[in-house]
Amino acid sequence: MKYYSTNKQSPEVSLQEAVVKGLAPDKGLYMPENIKVLPQSFYDNIGNMTFQEIAYTVADAFFGEDVEADTLKQIVYDTLNFDTPVVHVNDNIYSLELFHGPTLAFKDVGGRFMARLLGYFIKKQGQTDVKVLVATSGDTGSAVANGFLGVEGIHVYVLYPKGKVSAIQECQFTTLGQNITAIEVDGTFDDCQALVKTAFLDDELNKKLNLTSANSINVARFLPQAFYYFHAYAQLAKQGKADNVVFCVPSGNFGNITAGLIAKQMGLPVKRFIAANNSNDIFYQYLQTGEYKPRPSVQTIANAMDVGDPSNFVRVLDLYGHSLDKIKVDISSEWYNDDNIRKTVKQTYTETSYLLDPHGACGYQALKDQLQSDETGVFLETAHPAKFLETVESIIGEKIAIPEKLQAFMKGEKKSISMGKSFDEFKHLLL
Ligand SMILES: *Cc1c(COP(=O)(O)O)cnc(C)c1O
């Protein structure tokens, strides 16, 4: 299948090129040229399929023409060696728990899939020295770094904003060593993202180095996120709860929700979506005013959503032919400040004993505020609450158990390179 750039100024490319390049030369994001509608028989039977079987069917629709069946199956099955259960929380609200992977955030799905697919293409091309650049607001860095850890021929550079990720998040990508280098940038996530984007557009760097991006601008990271929307639907279908499903997605860069929108275009029976924002309410404001006004991100306790200029917004526009009216039919939005988030975490824990993380709290609250009685709401619980230990413990006034997987990261030695936010400094470092 061919992939086109959302800016439509550069030529269409193969999957391989889209994955290896990351960003199109015209600065657009790659999109699959066609989104296949899956047959009704698939939807009729979905409640009887395993997560891996469902995911392989979806993966085949996108990647089947370009990757041999055996290889693709292996990549999907290796990626998804953990579950994404739907858990009942309250009334007609369910949590899609995406934190059961190795780094305890949903980004493990895209990160692991991309690492494997990129590894496959790089081997095929006979390349030996590929540099993967990734900007992180907290969870991307660890998911991508862990996905690529020890993969030959690939070196990963994780750029993160100094003092703006949680202590546990930080040790998940600064303690790995091997082929992973962590770079602490004296700036915001948006500064980190800008450095990565500028690197791809720099002629000298691209002549001298094989660069690629592992942010959700990469199709190999964002498309696999569709898998768990299908799996969530399957679990609800099994319980006879799959009418009028509403997915609510705590959103920052909008990669996760965009994968859900694509699932809907593949025929997944979803009634509508809600994009939950924190105080970085750029998308919420866009729906209100019709004007997209990026602005510098502000720091919140849901730090992985602190994005002031969401990369994947252009993909949302592209999917809906740039029509605000069409977007509004499928997506509504809510936003919550830190006080609201704290209140939701506390109240939900008291009333239901379900412990939300600050991101999932935005999702849960948006369903509380918008869900109608004939709808079934599923919010994406995008990370384990223990990743935000101090914040969550101070809200509920109790110690929480730290999963073993997280404890293991906390024992390592932290290593990172400190840097300002100037591109020249970054370029010098890479060269
Ligand atoms: C990355 C992240 C988000 C935001 O996801 P996007 O795809 O960038 O919209 C939300 N919650 C958590 C915990 C994350 O790590």
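For the structure, see preceding data.
Rules of the game
Residues numbered from 1 in each chain as written. Predicted model: local features only at pLDDT ≥ 70, side-chain atom pairs only at ≥ 80, totals over all residues. Heavy atoms only, no water. Core = buried A, V, L, I, M, F, W, Y, C linked by side-chain atoms within 4.5 Å. Buried < 20%, exposed > 50% of the residue type's maximum accessible area, 1.4 Å probe, protein only. Contact = heavy atoms within 4.5 Å. Pairing = 2+ DSSP bridges. Helix = DSSP H or I, 4+ residues; strand = E, 2+ residues; numbered from the N terminus. Phe/Tyr/Trp six-rings, centres within 6.5 Å; stacked < 30°, edge-to-face > 60°. Axes fitted to C-alpha atoms, helices over the stretch in contact; angles between N-to-C directions. 1 Å grid on protein atoms, 1.4 Å probe; cavity = no way out; pocket = protein on both sides within 12 Å on 5 of 7 lines; lining within 4 Å. Points joined across faces, edges and corners; volume = space filled by probe spheres on them. Nonpolar A, V, L, I, M, F, W, Y, C, P; charged D, E, K, R; others polar. Near = heavy atom within 4 Å. Polar contact = N/O pair within 3.5 Å; in protein donor to acceptor, adjacent residues only side chain to side chain. Parallel < 35°, antiparallel > 145°, perpendicular 65-115°, else oblique. Left-handed = near helix turned anticlockwise from the far one by under 90°.

A. Spatial organisation of the nonpolar core. Grouped together as the largest cluster of nonpolar side chains are 103 residues, with contacts concentrated most on Tyr3 and Phe230. Excluding residues that lie within four positions of it along the chain, Tyr3 makes contacts with Glu12, Val13, Ser14, Leu15, Ala18, Tyr30, Met31, Pro32, Phe62, Phe63, Val219 and Leu223.

B. Structural context of the pairing of strand β3 (residues 86–90). Two strands pair when backbone bridges link them, and β3 and strand β4 (residues 93–97) are joined in this way by four bridges, in the antiparallel orientation. Residue pairing for β4: Asn90 is matched across the bridge by Ile93. What sits between the antiparallel neighbours β3 and β4 is a turn of two residues, in which Asp91 has the positive phi angle 45 degrees.

C. View of the packing of aromatic side chains. Taken as a whole and judged by the stated rule, the model has 19 aromatic pairs. Ring centres of Tyr120 and Phe121 lie 5.2 Å apart, and the angle between their planes is 50 degrees; this geometry places the pair in the tilted category. Taking the relative accessible area as the measure of exposure, Tyr120 reaches 16% and is therefore buried. Looking at Phe121, the relative accessible area reads 1%, which means it is buried.

D. Representation of the sheet that holds strand β12 (residues 376–381) within the structure. On the basis of which strands lie adjacent, the open sheet formed by six strands has the order β3-β4-β12-β9-β10-β11 and mixed pairing. Each having just a single partner strand, β3 and β11 (331–335) make up the two edges of the open sheet. Averaged over all adjacent pairs, the angle separating strand axes in this sheet is 25 degrees, with direction ignored. One ladder, built from five bridges, connects strand β10 (residues 272–277) with β11; its direction is parallel.

E. Geometry of the sheet that holds strand β6 (residues 154–161). Spatially, the five strands line up as an open sheet ordered β8-β5-β6-β7-β13, and their pairing is parallel. Taken across any chain shown, the strands that pair with only one partner, and hence form the sheet edges, are β8 (210–213) and β13 (417–419). When the angles between neighbouring strand axes are averaged without regard to direction, this sheet yields 25 degrees. As judged from the six bridges shared by β6 and strand β7 (residues 180–185), these two strands associate in the parallel manner. In the sheet register, Val156 faces β7, and the bridge partner there is Ile180.

F. Inspection of the layout of surface pockets at higher detail. In this model, the largest pocket occupies a volume close to 360 Å³. Around the largest pocket, the lining is made up of 15 residues, and of these Arg116, Gly119, Tyr120, Lys123 and Val151 lie nearest the centre. Secondary-structure elements contributing two or more residues to the lining of the largest pocket are α4 (69–79) and α5 (107–125). Looking at the lining of the largest pocket element by element, the count peaks at six residues for α5. Looking at the lining of the largest pocket residue by residue, the classes come out as five nonpolar, six polar and four charged.

G. Focus on the site of the ligand. Around the ligand sit 15 residues, and of these Lys107, Asp139, Gly252, Asn253 and Phe254 come closest. In this structure, an oxygen atom belonging to the ligand sits 2.8 Å away from a main-chain N or O atom of Gly252. In the model, an oxygen atom of the ligand is placed 3.2 Å from a nitrogen or oxygen of the Gly255 main chain. Class assignment of the residues belonging to the shell around the ligand gives a composition of six nonpolar, seven polar and two charged.

H. Highlighting unusual backbone geometry. Within the chain, Leu104 stands out as a residue other than glycine whose phi angle is a positive 65 degrees. Positive phi outside glycine occurs at Phe254, with the angle close to 70 degrees.

I. Up close: the environment of Gly240. Among the secondary structure elements, Gly240 is positioned in the loop between α11 (227–238) and β9 (245–250). Under the relative-accessibility criterion, Gly240 is labelled exposed at 62%. Between the alpha carbons of Gly240 and Gly47 there is a distance of 9.7 Å; along the sequence they are 193 residues apart.

J. Looking closely at the environment of Lys36. Mapped onto the elements of the fold, Lys36 is located in the loop between β2 (30–32) and α2 (40–45). Lys36 sits in the partly exposed class, given a relative accessible area of 29%. For the pair Lys36 and Thr50, spaced 14 residues apart in the sequence, the C-alpha separation amounts to 21 Å. When sequence neighbours within four positions are dropped, the list of residues in contact with Lys36 reads Ala61, Glu65 and Met266. Within the local environment of Lys36, its side chain forms a polar contact with the backbone oxygen of Ala61, the two atoms lying 3.4 Å apart.

K. Representation of the packing of helix α3 (residues 51–63) against α11 within the structure. It is the contact of α3 with α11, at a shortest axis distance of 9 Å, that shows an interaxial angle of 135 degrees. When the axes of α3 and α11 are compared, the pair comes out oblique. Where α3 crosses over α11, the two elements pack in a sense that is right-handed. Side by side, α3 and α11 meet where Phe51, Ile54, Ala55, Val58 and Ala59 of the first sit next to Phe227, Tyr228, Phe230, His231 and Ala234 of the second. Residue composition of the contact of α3 with α11, grouped by class: nine nonpolar, one polar and no charged.

All quantities given are derived from atomic positions and should not be read as evidence of function.
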